[in-house]
Amino acid sequence: MTVIENMSFEVADGDYLCIVGENGSGKSTLVKALLSLKKPEKGAIEFGEGLKKNEIGYLPQQTMAQKDFPASVYEVVLSGCLNSRGIRPFYSAKERKKALDTMELLGIIDLKNRSYRDLSGGQQQRVLLSRALCATKKLILLDEPVAGLDPIVTAELYDLIEKINKSGVTVIMVTHDLSAALKCSKHILCMTETEWFFGSREEFLKSKFADFMRGSEAVD
Amino acid sequence: MKQLIEVFSEIFSSPILVRALIVGVLVSLCAALLGVSLVLKRFSMIGDGLSHVGFGALAIAAVMNLAPMAVAIPVVLIAAFLLLRLSSNGKIKGDAAIAMISTGALGIGVMAVSMSKGTNIDLNSYLFGSIMSVSSEDVVISVILAVIVLFMFVFFYTKIFAITFDESFAKATGTAANVYNMLIALLTAMTIVIGMRLMGSMLISSLIIFPALCSMRVFKSFKSVTICSGIISIVTFLAGMVISYVAETPCGASIVCVNTLTFLIFFVIGKIKKTA
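Residues numbered from 1 in each chain as written. Chains lettered and ligands numbered in written order. Predicted model: local features only at pLDDT ≥ 70, side-chain atom pairs only at ≥ 80, totals over all residues. Heavy atoms only, no water.

**Digging into the overall build of chain A**
So, step 1. When you go through chain A residue by residue, the secondary structure sums to eight helices and six strands.
So, step 2. Taken from the N to the C terminus, the helices and strands of chain A come in the order β-α-β-α-α-α-β-α-β-α-β-β-α-α.
So, step 3. Projecting the C-alpha coordinates of chain A onto the three principal axes gives extents of approximately 50 × 40 × 30 Å.
So, step 4. Within chain A, the fraction of its 220 residues that count as buried is 50%.
So, step 5. The long-range share in chain A, meaning contacts at least 24 apart out of those at least 6 apart in sequence, stands at 67%.
So, step 6. Averaging the positions of the 29 positive and the 30 negative side-chain charges in chain A gives two centres separated by 8 Å. (Helix = DSSP H or I, 4+ residues; strand = E, 2+ residues; numbered from the N terminus. Buried < 20%, exposed > 50% of the residue type's maximum accessible area, 1.4 Å probe, protein only. Contact = heavy atoms within 4.5 Å. Lys, Arg positive; Asp, Glu negative; His and termini not counted. Charge placed at Lys NZ, Arg CZ, Asp CG, Glu CD.)

Pasting the structure below:
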């Protein structure tokens, strides 16, 4: 099934793009295509210079299986370094340090030996975020990062993402939360079942899509 | 303690028991390591399904006078491949697919055995295992298998962790998750075929699920769960063998009972640890 046709957009280095849109408009399909998990039916996704396919850090939605998964925080974060290892087994000292550094950056270094399943929702998202940062220093893709979190933790997580973006990492975030998208993003990609919009935040606010999305949010 | 040493020296003086011991320890260890990943990925039932398919294959091989391993190994490998495919992207949901394939194979096996009146097949030993059925050929195969599983597990440990914890992240960052899933399924299939005649096709999947479930109650990291599962599998197998020898009970069932008891103990320890 073709979800949406003739859509095109680009993301520059250091950008902060929010993808908002209705359920069923194809946001998750787009995410999968960006991650090369799915081929787009037509057209192409081009990676600019210096970005390889496996250099995208990804923060997926949590799965049921992870809820009682016995893994220490350190093990989870370290597994983000896997993409640079190829066939070689075990992690190097450099990768171990990288894992510790990103944990330090996101304020979860104290949780290092705790079990992932014993953490709160917000802490778990931080762990997954630092794993994503271990996978790349260029582009991270966040799929509904605040789903199920309370307002305070949500705000903290948005602050962290902004901090990561300011440090030079490009951020693409899929979200239902339009107000957050408007607050922190630089560009917005808005998808409905039939139409799409791509532009800067200011352009978006002037477009009919802004009202449309607000309308659908009010109905929610 | 002195009696235990006596029991062991008696076991070691019988070639049949020594063979069963070697195959059992190696198969238990392999099953426990693979089991950690299978249990956490919600694939526990795959082991059960495969063992039933193995029963069907063995029964047909016996009826047609073919070499049992030569039939069972390829059939179970194909079943492993199909089950994994079905549970990941089929129209029939995973649990239903497994139930369908396993009962189907069981039915075919029982039909095959009952239709061949002339042959002398012991259905009971197929279903619930028998130490007498372990041949010296099995010993060689299980040693080779154990070396392969242990090597693969250590070498691909980091990848196995990554695809077990989060398959979509692993795929997105360029790990060939499907290849490793297939590898785990194929090694599981091999382990089951080899362990099946000792443990019985009804009971072999307990070797996969119990050690992982026990250690998950108490341990908090993937590494400690894995190591503990390996140790539990060997200890419970040996304890089961001794009980089976002393009390003259079937060895498969004795091992499962020891495993069940171990699970209860770990469950209680886990609860105590949590409240403390």
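**Comments concerning the interface of chain B and chain A**
So, step 1. Taken residue by residue, the interface counts 28 residues in chain B and 35 residues in chain A.
So, step 2. Counting the surface lost from both chain B and chain A, the interface buries some 2,700 Å², and carbon and sulfur atoms represent 64% of this.
So, step 3. Looking only at chain B, the three residues that lose the most surface to chain A are B:Phe165, B:Phe169 and B:Lys220, adding up to 27% of its buried area.
So, step 4. The tally of links between chain B and chain A comes to three salt bridges.
So, step 5. Taking the shortest distance from any N to any O, the salt bridge between A:Asp118 and B:Lys220 comes out at 2.7 Å. (Buried area = accessible area lost by both parts, 1.4 Å probe. Salt bridge = Lys/Arg side-chain N within 4 Å of Asp/Glu carboxyl O.)

**Looking at helix H10 (residues 177-199) of chain B**
Residues and elements named next belong to chain B.
So, step 1. Between its first and last C-alpha, H10 extends 31 Å over 23 residues, near the 33 Å set by a 1.5 Å rise per residue.
So, step 2. Helix geometry: H10 is bent most strongly at Val193, by close to 30 degrees.
So, step 3. Most of H10 is tucked away: 18 of the 23 residues are buried.
So, step 4. Two residues or fewer past H10, Gly200 is found with a positive phi of approximately 90 degrees. (Expected span 1.5 Å × (residues − 1). Bend = angle between axes of the 7 residues up to and from the residue.)

**Digging into the packing of aromatic side chains**
Residues and elements named next belong to chain B.
So, step 1. Under the counting rule described, the total for this entry stands at 14 aromatic pairs over all chains.
So, step 2. Ring geometry for Phe55 and Tyr126: centres 6.3 Å apart, planes at 90 degrees, overall edge-to-face. Of this pair, Phe55 sits in helix H3 (residues 44-63) while Tyr126 is found in helix H6 (residues 123-128), placing the two residues 71 residues apart along the sequence. Of the two residues examined, Phe55 and Tyr126, each falls in the buried class.
So, step 3. Between the aromatic rings of Phe161 and Phe165, the centroid separation amounts to 5.9 Å while the plane-to-plane angle is 5 degrees, which identifies the pairing as stacked. With a gap of four residues between them, Phe161 and Phe165 both fall in helix H8 (residues 157-165), about one helical turn apart. (Phe/Tyr/Trp six-rings, centres within 6.5 Å; stacked < 30°, edge-to-face > 60°.)

**A look at the domain arrangement of chain A**
Residue and element names in this part refer to chain A.
So, step 1. Per the domain assignment, the segments making up chain A are domain 1 (1-51 + 138-220) and domain 2 (64-136).
So, step 2. A C-alpha centroid distance of 25 Å is found between domain 1 and domain 2.
So, step 3. The partner domain 2 presents ten residues to the 15 residues of domain 1 that form the contact.
So, step 4. Summed over both sides, the interface between domain 1 and domain 2 buries roughly 980 Å², with carbon and sulfur atoms accounting for 74% of that surface.
So, step 5. Three residues, Ile140, Leu160 and Ile164, lead the burial of domain 1 against domain 2; their summed loss comes to 39% of the area buried on that side. (Domains from an automatic or database assignment.)

**Points about the sheet that holds strand E1 (residues 16-21) of chain A**
Residues and elements named next belong to chain A.
So, step 1. If you walk across this open sheet you meet the six strands as E2-E3-E4-E1-E5-E6, and the pairing is mixed. The sheet terminates laterally at strand E2 (56-59) and strand E6 (196-200), the two strands that pair on one side only. Sheet twist, expressed as the average angle between the axes of neighbouring strands with direction ignored, equals 15 degrees.
So, step 2. In this sheet, strand E4 (residues 170-174) lies alongside E1 in parallel orientation, the contact comprising four bridges. Within E4, the position partnered with Leu17 by the bridge is Ile172.
So, step 3. In the packing of helix H4 (residues 121-135) onto the sheet, contacts are made with E2 and strand E3 (139-143), and the angle to E2 comes to roughly 165 degrees.
So, step 4. Where helix H5 (residues 151-166) meets the sheet, its contacts fall on E1, E3 and E4, and the angle it forms with E4 comes to roughly 150 degrees. (Pairing = 2+ DSSP bridges. Axes fitted to C-alpha atoms, helices over the stretch in contact; angles between N-to-C directions.)

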